Amino acid sequence: MSLERAVTAFAGMMILLSVALTVWVHPGFIWLTVFVGANLFQQSFTGFCPAASAMRKLFGLKTEAELARLG
């Protein structure tokens, strides 16, 4: 799995989780949804994503471009 796909999957999972927590636990969890959305928005402009940095270090994931060069 590429780093880009992992980040997309993680963001989607976090949004679904935060919506479920908002509905079934406490309305304040909506701020987790806002945080994830704001992070995705800023990443589209800056190219920096904290989750991508963490996944690269923790799991050794490679970007699509790195995988294309290897294979």
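Below you will find a few notes about this structure. Along each chain, residues carry numbers from 1 onward, in the same order as the chain's sequence is written. pLDDT decides what is reported in this predicted model: residues at 70 or higher carry local features, side-chain atom pairs at 80 or more are listed and counted, and totals for whole chains, interfaces and linings draw on all residues regardless. The side-chain values count all of the structure's non-hydrogen atoms but skip hydrogen atoms and water molecules.

**Examining the overall build of the chain**
Worth spelling out the cut-off: Only DSSP runs of H or I covering at least 4 residues are called helices, and only runs of E covering at least 2 are called strands; the numbering of each starts at the N terminus. As a reference, a globule follows 2.2 Å times the number of residues to the power 0.38, and the radius of gyration itself is taken over C-alpha atoms. Each residue is assigned to one of three classes by its accessible area relative to the maximum for its type, calculated with a 1.4 Å probe on protein chains only: buried under 20%, partly exposed between the two thresholds, exposed over 50%. Two residues qualify as a contact provided that any one of their heavy atoms is within 4.5 Å of a heavy atom in the partner residue. Computed with a 1.4 Å probe, the accessible areas rest on the Shrake-Rupley method; for each residue, only the protein chains presented here act as cover.
Secondary structure assignment for the chain yields 4 helices and 0 strands. Scanning the chain from its N terminus toward the C terminus, one meets helices and strands in the order α-α-α-α. In terms of overall dimensions, the chain is more spread out than a globule: its C-alpha atoms have a radius of gyration of 14 Å, far above the 11 Å expected for 71 residues. On the principal axes, the C-alpha backbone points of the chain span a range of 45 × 25 × 15 Å. Scored against the burial criterion, the 71 residues of the chain give a buried share of 24%. The long-range share in the chain, meaning contacts at least 24 apart out of those at least 6 apart in sequence, stands at 56%. Accessible area of the chain: about 5,200 Å², with a carbon and sulfur share of 73%.

**Description of the nonpolar core**
To keep it simple, the criterion reads: In this description, a nonpolar core means a group of buried Ala, Val, Leu, Ile, Met, Phe, Trp, Tyr and Cys residues linked to one another through side-chain atoms lying within 4.5 Å.
Of all hydrophobic cores here, the largest spans 8 residues; its members are L3, A6, V7, C49, A51, A52, M55 and L61. Of all the elements in the fold, those that place two or more residues in this core are α1 (3-24) and α3 (50-59). Sequence-distant contacts of V7, that is, excluding residues within four places in its chain, are made with C49, A52 and M55.

**Let's talk about a nonpolar patch on the surface**
In plain terms, the rule: The patches reported here contain residues having more than 30% relative accessible area and no salt bridge. Joining distances are 9 Å for like charges and 5 Å for nonpolar side chains (Val, Leu, Ile, Met, Phe, Trp, Tyr). By definition, a salt bridge exists where a carboxyl oxygen of Asp or Glu is found within 4 Å of a side-chain nitrogen of Lys or Arg.
Together, V19, V23, W24, V25 and F29 make up a nonpolar patch on the protein surface, roughly 540 Å² of accessible area in all. With respect to the element layout, F29 can be found in the loop between α1 and α2 (30-46).

**As for the packing of aromatic side chains**
In this description, a pair of aromatic rings is defined by centroid distance and the angle of the planes. Convention followed: Planes of paired rings set the category: under 30 degrees apart is stacked, over 60 is edge-to-face and the rest tilted, where pairs are Phe, Tyr or Trp rings (Trp by its six-membered ring) whose centres lie within 6.5 Å.
If you walk through the whole model with that rule in mind, you get 1 aromatic pair. Ring centres of F41 and F45 lie 5.0 Å apart, and the angle between their planes is 75°; on these two criteria the pair is classed as edge-to-face. Taken as a pair, F41 and F45 lie in helix α2 at a separation of 4 residues, close to a single helical turn. Here the two residues F41 and F45 agree in accessibility, since each one is exposed.

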